[in-house]
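As a plain string of letters, each chain reads:
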Amino acid sequence: MLFQSDEGKEPLTVEIHTEVDIVEARQKGRMFSNCLGFSTLDQARIITTISELSRNIYKYATTGKIIMEIIENQLGIGIKIIAIDKGPGIENIQKALESGYTTSGGLGVGLSGVKKLMDEFTISSQEDHGVNIQVIKWKKKK
């Protein structure tokens, strides 16, 4: 399987510094989710999530990273995506998760959209210490 070392499953990390890095993160997310056998629809959800999270890093924190890793439990296999930055943080997380809320004049579907696209969503933020978002998409059993 792709993305494995001799020691086992290795996380895939993409540093986000430029818009080109956002494209790279999306491409690697597509390959990663395809190799794990996610449906086309779930691959689109995963890629959209990676795009939103990496764009937020670039736009609000200027640098950070996206980490993708394989997770497993008794119910099956999934992909965990972690977005980490050291930016200014999110002042009001509850407000930021409201559909339609925006600080940049956009549509306001970023974080609330990500939460809807994925099966699990956690976020933590500390002012002037950045944001850590972890999301999981579980592969549906056939």
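Before any of the text, the structure's been laid out above.
This structure is a prediction, so every number in the text was calculated from the model and none was measured.

A few words on the sheet that holds strand β5 (residues 76-85). The strand order β3-β4-β5-β7-β6 describes an open sheet built from five strands, whose pairing is antiparallel. The open sheet has two edge strands, β3 (12-16) and β6 (120-126), and neither has a second partner. Strand-to-strand twist in this sheet, taken as the mean axis angle between neighbours without regard to direction, amounts to 15 degrees. The pairing of β5 with strand β7 (residues 130-138) spans seven bridges and is antiparallel. When the bridges of β7 are listed, Lys80 appears paired with Ile136. Of the strands in this sheet, β3, β4 (64-73), β5 and β7 are in contact with helix α2 (residues 40-61), which crosses β5 at around 10 degrees.

We note that Thr62 has phi near 70 degrees; this positive angle belongs to a residue other than glycine. Although it is not a glycine, Asp128 adopts a positive phi angle of roughly 65 degrees. Looking at the element boundaries, Asp128 is found in the loop between β6 and β7. Take Asp128: its relative accessible area is 56%, and that puts it in the exposed class.

With that out of the way, let us pick up the side chain of Thr49. Turning to its location among the elements, Thr49 is positioned in helix α2. Accessibility expressed as a relative area gives 0% for Thr49, which makes it buried. Within polar-contact distance, the side chain of Thr49 engages the backbone oxygen of Arg45 at 2.9 Å. Sequence-distant contacts of Thr49, that is, excluding residues within four places in its chain, are made with Ile81, Val114, Leu117, Met118 and Val135.

Going through the model one piece at a time under the given rule, you end up with four salt bridges. One salt bridge in this structure joins Glu24 and Lys28, with 2.8 Å as the shortest N-O distance. One end of the pair, Glu24, and the other, Lys28, are both in helix α1 (residues 19-35), four residues apart, so they sit about a helical turn from each other. Linked by salt bridges that have partners in common, Asp42, Arg45, Asp119 and Lys137 make up one network.

Turning to the packing of α2 against helix α4 (residues 110-117), a few remarks are in order. Packed helices, taken two at a time, are described by the angle their axes make and the gap between the axes. Axis separation between α2 and α4 bottoms out at 10 Å; the angle between their running directions is 150 degrees. The angle between α2 and α4 places the two elements in the roughly antiparallel class. The way α2 lies across α4 gives a crossing that is left-handed. Across the interface between the two elements, Arg45, Thr48, Thr49, Glu52, Leu53 and Asn56 from α2 touch Gly110, Leu111, Val114 and Leu117 from α4.

Here we take up the pairing of β6. Here β6 runs beside β7; their pairing, made up of seven bridges, is antiparallel. Residue pairing across strands places Glu120 opposite Ile136, the latter belonging to β7. Hairpin connection from β6 to β7: three residues lie between these consecutive antiparallel strands, with Asp128 at a positive phi of about 65 degrees.

Of all 10 residues in β5, eight are buried; the element is thus mostly enclosed. The pairing of β4 with β5 spans 10 bridges and is antiparallel. The residue bridging Glu69 from the neighbouring strand is Lys80, located in β5.

What counts and what doesn't
Residues numbered from 1 in each chain as written. Predicted model: local features only at pLDDT ≥ 70, side-chain atom pairs only at ≥ 80, totals over all residues. Heavy atoms only, no water. Pairing = 2+ DSSP bridges. Helix = DSSP H or I, 4+ residues; strand = E, 2+ residues; numbered from the N terminus. Axes fitted to C-alpha atoms, helices over the stretch in contact; angles between N-to-C directions. Contact = heavy atoms within 4.5 Å. Buried < 20%, exposed > 50% of the residue type's maximum accessible area, 1.4 Å probe, protein only. Polar contact = N/O pair within 3.5 Å; in protein donor to acceptor, adjacent residues only side chain to side chain. Salt bridge = Lys/Arg side-chain N within 4 Å of Asp/Glu carboxyl O. Parallel < 35°, antiparallel > 145°, perpendicular 65-115°, else oblique. Left-handed = near helix turned anticlockwise from the far one by under 90°.

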